Amino acid sequence: MEHIKDYIKKRAKNKKIGIFGTGTNAEIAVDFLNELKISEYVFFDNDAAKIGKTLYNKNILSPAEITWDYFILVSTIYYRDIEKQLNKLGMEDLENFIWVLDLKFYDSWIRWKDAPKVPDISLLDIDDIEQGLKEFVQVEEIQWFDEEKFREFEDKLGFQDIYDRKSNRRYRRKIMEYYCVDKILDFEKWNDQDIYLDVGAAGSPYAKYLRENKKIMAFALDLEEGNYSKLPYYIREDATKMHFKDNEVAAISLQSSFEMFLGNSDMDFVMEASRVLKANGKVVICPLYMHQKFLSTVSPNYYNTGLADLGALECIRLDCRGNVPLGRFYSIKALNERIIKTAKKCGLIPKVYSLPQEKVEKDGFVYLKFLLSLEKPGIVDK
């Protein structure tokens, strides 16, 4: 981690150093500074009972004493809260502070500082993409998004604390994903034998909610374990090689997960879905991320590691820190070649749903505008 070490050494030449947080993780920051042979620093803490005391023979100060003369090493697991606190002072991540529990992320950020960043996208760009999609696939403009019914759905769902409604800037968009899936799959018409799969969902409470509130036989599948993995219907399984039988599953949805399927697993999943779906069964991909260019967006620590798609522009994103090995944004051509053609070969009928522009919450290049449905046609009597 020579890049971040050199960076902090340079900062220490013209800045005072502070460690924000005096809990057990403060030792990590102290050891890091000792390794850099930086011995002059102070602590900051929000706990009034600690202010005025010492730790490692260094003073503990009030955050009210933080000025731009300081470079801060945040040493608490509550990094997001401290980040907001420092942002209010006009301070920015990396420029004025770092999270010392995530040094590899910063080391890669500095190493690849000149690499391409994810190009922003405007609502006009999204309109152009929608028009282009119509040449390859049916596009249906959503007329059923009702704000009053959405709020009722949000209240029944009860995910306000789970997804942190107060401070998560993408909270509404996340609930919109579930609302759209619910509307398209129309769970009210399901029976208790219909199987639903939530893919890439180890950390999502949605399958649990459907089981407990709608009596649907819901399963969550993921390659990794998550918050609900102790429940028997949260299964650690590759969605391109599912254990479900042919023609057994009524519907599958993927909320903010399909874009992270590595390599050709996006196409492999479409083929596997066609196997397990019943007649009239559907896959819903929400959001369907589109861009003018075919993009492989990655966290800095995954840049240039060989995970980018062949023919895609590999570019760095910072919105998810070091957690994105791949976030795929299809161009119209890439979507057609990889997904639409694959779906049609498997006998699935693709349809893109488009939310009205006034409902689109765009956060830089991240947005919910398009959804992709892949439907397995029913059996026609001869």
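Refer to the preceding data block for the structure.
Only a predicted model underlies this, so the values are computations on that prediction, with no experimental measurement involved. (Residues numbered from 1 in each chain as written. Predicted model: local features only at pLDDT ≥ 70, side-chain atom pairs only at ≥ 80, totals over all residues. Heavy atoms only, no water.)

A. Layout of the overall build of the protein. When helices and strands are tallied, the protein shows ten helices and 17 strands. Taking the principal axes of the C-alpha coordinates as reference, the protein spans close to 85 × 45 × 40 Å. The buried share among the 382 residues of the protein stands at 53%. A fraction of 67% describes how many contacts in the protein between residues 6 or more apart in sequence connect residues 24 or more apart. Surface summary for the protein: the accessible area is close to 18700 Å², and the carbon and sulfur share equals 48%. Between the mean site of the 57 positive side-chain charges and the mean site of the 62 negative ones, the protein shows a separation of 2 Å. (Helix = DSSP H or I, 4+ residues; strand = E, 2+ residues; numbered from the N terminus. Buried < 20%, exposed > 50% of the residue type's maximum accessible area, 1.4 Å probe, protein only. Contact = heavy atoms within 4.5 Å. Areas by Shrake-Rupley, 256 points an atom, 1.4 Å probe, with all protein chains shown as cover. Lys, Arg positive; Asp, Glu negative; His and termini not counted. Charge placed at Lys NZ, Arg CZ, Asp CG, Glu CD.)

B. Representation of the sheet that holds strand β17 (residues 370-375) in the model. With mixed pairing, eight strands are arranged side by side in an open sheet as β7-β16-β17-β12-β11-β8-β9-β10. Taken across any chain shown, the strands that pair with only one partner, and hence form the sheet edges, are β7 (138-141) and β10 (234-236). Sheet twist, expressed as the average angle between the axes of neighbouring strands with direction ignored, equals 20 degrees. With four bridges joining them, strand β12 (residues 277-286) and β17 adopt antiparallel strand pairing. Bridging across to β17, I285 finds its partner in L372. Its contacts with the sheet put helix α5 (residues 123-133) on β7, β16 (349-354) and β17, and the angle it makes with β17 is roughly 20 degrees. Sheet strands in contact with helix α7 (residues 171-185) are β8 (195-199), β11 (249-255), β12, β16 and β17, and its direction is about 160 degrees off that of β12. (Pairing = 2+ DSSP bridges. Axes fitted to C-alpha atoms, helices over the stretch in contact; angles between N-to-C directions.)

C. Layout of a negative patch on the surface. Taken together, the side chains of D146, E148, E152 and D155 define an acidic patch exposed on the protein surface. With respect to the helices and strands, E148 occurs in helix α6 (residues 147-157). (Patch = residues over 30% accessible without salt bridge, like charges linked within 9 Å, V, L, I, M, F, W, Y side chains within 5 Å. Salt bridge = Lys/Arg side-chain N within 4 Å of Asp/Glu carboxyl O.)

D. Structural view of the environment of I126. Here I126 is to be found in helix α5. Residues I126 and K183, spaced 57 residues apart in sequence, show a C-alpha to C-alpha distance of 23 Å. Setting aside anything within four residues of it in sequence, one finds I126 in contact with I121, K362, Y367, K369 and F370.

E. Local environment of the nonpolar core. One finds L133, L197, Y206, I252, F269 and M290 to be the most contacted residues of the largest nonpolar core, which totals 83 residues. Sorting elements by how many residues they give to this core places α7 first, with nine residues. Counting 39 residues, the second-largest nonpolar core is a separate cluster that includes I17, Y41, F71 and I72. (Core = buried A, V, L, I, M, F, W, Y, C linked by side-chain atoms within 4.5 Å.)

F. The sheet that holds strand β3 (residues 54-55), seen in detail. With mixed pairing, six strands are arranged side by side in an open sheet as β3-β4-β2-β1-β5-β6. Two strands close off the open sheet at either side, each with one partner strand: β3 and β6 (97-99). In this structure, strand β1 (residues 16-20) lies alongside strand β5 (residues 70-74), joined through five bridges in parallel fashion. The residue of β5 that forms the bridge with F20 is V74. Against the sheet, helix α3 (residues 79-87) engages β1, β5 and β6, with an angle of about 175 degrees to β6.

G. Representation of the packing of helix α1 (residues 2-14) against helix α4 (residues 103-111) in the model. At a minimum axis distance of 7 Å, the contact between α1 and α4 shows a crossing angle of 85 degrees. In terms of orientation, α1 lies roughly perpendicular with respect to α4. Taking contact as the criterion, the partners of E2, H3, I4 and Y7 in α1 are, on α4, L103, Y106, D107, I110 and R111. Its residues placed into classes, the contact of α1 with α4 shows five nonpolar, one polar and three charged. (Parallel < 35°, antiparallel > 145°, perpendicular 65-115°, else oblique. Nonpolar A, V, L, I, M, F, W, Y, C, P; charged D, E, K, R; others polar.)

H. Seen up close, α4. Burial analysis of α4 places seven of its nine residues in the buried class, which makes it a mostly covered element. Along α4, the positions that sit buried rather than exposed are L103, F105, Y106, D107, S108, W109 and I110. Buried-residue contacts for α4 involve α1, α2 (26-35), α3 and β6.

I. Quick peek at the packing of aromatic side chains. Summed over all chains, the structure comprises 37 aromatic pairs. On the numbers, 6.0 Å between centres and 55 degrees between planes, the contact of F159 with Y163 is tilted. Each member of the pair, F159 as well as Y163, is classed as buried. Between the NZ or CZ atom of R211 and the centre of the ring of F219, over which it lies, the distance is 4.8 Å. (Phe/Tyr/Trp six-rings, centres within 6.5 Å; stacked < 30°, edge-to-face > 60°. Lys NZ or Arg CZ within 6 Å of the ring centre and 35° of its normal.)

J. Inspection of a positive patch on the surface at higher detail. A contiguous patch of positive charge on the surface is contributed by K9, K10, K13 and K37. Relative to the assigned elements, K9 resides in helix α1. The class for K9 is partly exposed, based on a relative accessible area of 38%.

In short, shape yes, function no, at least from these values alone.
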